[in-house]
Amino acid sequence: RNKKDTNLMILFLSFSNIVGNGLTLISGMLVARWLLPEELGFFNSFTLLTGYIILAQLGIPSGLSRELPLYIGKNDTRKAHEYASVTQFWQLALGVGTFLILFFISLCFFFSQKYDYAAGLFVIGVLSFQVFYVTKYLKILYRTNREFNKISQLNLIVAFTSFASIIFVLKFGFYGLCIRSVVMV
């Protein structure tokens, strides 16, 4: 029974990833068709920040992903909880801190009527919070078949939401891409 549940979980996770990748590919081609290369390049220049911002984690989530299974395997739930709690605090502090910094910088651009910079930095603030807390912390905690099935369901919801939200790009161009990014989070 347990092996059958694991096989079904693997199939469901694979299916959700395939559907998600397929919809991402289709929506990416449509977005590229609807936006000028300059607009898409301008938006992508903001996403470069995320690659550098993520370095602020200092490897703490990676440590949790190695230590958590070790202490759970040793049945030392107290130690596992301590590692998870410290990592949660760090990731939340980074996510909220990064969001607030980028939010205030985007407000400065907004009030100086540089709306495209304001929108781009706001989106990166939201995405940074999502990356720090959801992607780099919460997903580390998933350990059971039931939890991986939840990830699969969430993958499908994100994939269909992402695909449906390309209408914003068609209607609003660069700003639609910003709206779409926030909606996907």
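Refer to the structure presented above.
Report on the accompanying structure. Here the structure is a predicted model, which means the values were calculated and not measured.

Scoring rules and cut-offs
Residues numbered from 1 in each chain as written. Predicted model: local features only at pLDDT ≥ 70, side-chain atom pairs only at ≥ 80, totals over all residues. Heavy atoms only, no water. Helix = DSSP H or I, 4+ residues; strand = E, 2+ residues; numbered from the N terminus. Contact = heavy atoms within 4.5 Å. Areas by Shrake-Rupley, 256 points an atom, 1.4 Å probe, with all protein chains shown as cover. Lys, Arg positive; Asp, Glu negative; His and termini not counted. Charge placed at Lys NZ, Arg CZ, Asp CG, Glu CD. Core = buried A, V, L, I, M, F, W, Y, C linked by side-chain atoms within 4.5 Å. Buried < 20%, exposed > 50% of the residue type's maximum accessible area, 1.4 Å probe, protein only. Axes fitted to C-alpha atoms, helices over the stretch in contact; angles between N-to-C directions. Parallel < 35°, antiparallel > 145°, perpendicular 65-115°, else oblique. Nonpolar A, V, L, I, M, F, W, Y, C, P; charged D, E, K, R; others polar. Salt bridge = Lys/Arg side-chain N within 4 Å of Asp/Glu carboxyl O. Patch = residues over 30% accessible without salt bridge, like charges linked within 9 Å, V, L, I, M, F, W, Y side chains within 5 Å. Expected span 1.5 Å × (residues − 1). Left-handed = near helix turned anticlockwise from the far one by under 90°. 1 Å grid on protein atoms, 1.4 Å probe; cavity = no way out; pocket = protein on both sides within 12 Å on 5 of 7 lines; lining within 4 Å. Points joined across faces, edges and corners; volume = space filled by probe spheres on them.

A separate point is the overall build of the protein. If you tally the helices and strands in the protein, you get eight helices and zero strands. Beginning at the N terminus, the succession of helices and strands in the protein can be written as α-α-α-α-α-α-α-α. In terms of principal-axis extent, the alpha carbons of the protein reach across some 55 × 35 × 20 Å. Contacts in the protein between residues far apart in sequence, at least 24 positions, make up 74% of those at least 6 positions apart. Working note: accessible area of the protein is about 11300 Å², and carbon and sulfur atoms make up 68% of it. When the 16 basic and 8 acidic side-chain charges of the protein are each reduced to a single mean position, those positions are 7 Å apart.

What follows deals with the nonpolar core. With 18 residues, the main nonpolar core has Val-31, Phe-43, Ile-124, Phe-174, Leu-177 and Cys-178 as its most contacted residues. Contributing elements (two or more residues each) for this core: helix H2 (37-53), helix H4 (77-111), helix H5 (115-135), helix H7 (166-172) and helix H8 (174-184). Ranked by residues supplied to this core, first place goes to H5 with six residues. The residues touching Leu-177, leaving out its near neighbours within four places in the chain, are Val-31, Leu-35, Leu-40, Phe-43 and Val-169. Ranked by size, the runner-up nonpolar core spans eight residues in total, among them Leu-64, Tyr-133, Tyr-137 and Ile-140.

The next point concerns the packing of H4 against H5. H5 packs onto H4 with a crossing angle of 175° between their chain directions and a minimal axis gap of 8 Å. Comparing their axes, H5 and H4 come out roughly antiparallel. The residue makeup of the contact of H4 with H5, split by class, is 19 nonpolar, seven polar and no charged.

Another point: the pattern of salt bridges. Tallied over the entire structure, the rule returns one salt bridge. Between Glu-82 and Arg-78 there is a salt bridge, and its shortest N-O distance comes to 2.3 Å. One end of the pair is Glu-82 and the other is Arg-78, both in helix H4 and four residues apart, which spans about a single turn.

Attention shifts here to a nonpolar patch on the surface. Residues Phe-110, Phe-111, Tyr-115, Phe-172, Tyr-175, Ile-179 and Val-183 make up a contiguous nonpolar surface patch of about 700 Å² in total accessible area. Counting residues per element, the ones that place at least two in the nonpolar patch are H4 and H8. Looking at the nonpolar patch element by element, the count peaks at three residues for H8. With respect to the element layout, Phe-172 can be found in helix H7.

The subject of this paragraph is H2. With 17 residues, H2 ought to run about 24 Å at 1.5 Å a step, and its terminal C-alpha atoms sit 25 Å apart, in line with that. Phe-43, Phe-46, Thr-50 and Ile-53 are the residues of H2 that are buried. In this fold, the buried residues of H2 make contact with H4, H5 and H8.

Packed helices, taken two at a time, are described by the angle between their axes plus the distance between the axes. For the pair H2 and H5, the least separation of the axes is 9 Å and the interaxial angle reads 35°. Note on packing geometry: the crossing formed by H2 with H5 is right-handed. Between H2 and H5, the contacting residues are Phe-42, Phe-43, Phe-46, Thr-47, Leu-49, Thr-50 and Ile-53 on the first element and Asp-116, Tyr-117, Gly-120, Leu-121, Val-123, Ile-124, Ser-128, Val-131 and Phe-132 on the second. For the contact of H2 with H5, the residue count by class is eleven nonpolar, four polar and one charged.

Moving on: the layout of surface pockets. In this model, the largest pocket occupies a volume close to 950 Å³. Lining the largest pocket we find 31 residues, and of these Gln-130, Val-158, Ser-162, Met-184 and Val-185 sit closest to its centre. Put simply, the parts of the chain that give the lining of the largest pocket at least two residues each are helix H1 (2-34), H2, H5, helix H6 (145-164) and H8. The element contributing the most residues to the lining of the largest pocket is H1, with eight residues. When its residues are assigned to classes, the lining of the largest pocket shows 14 nonpolar, 15 polar and two charged.

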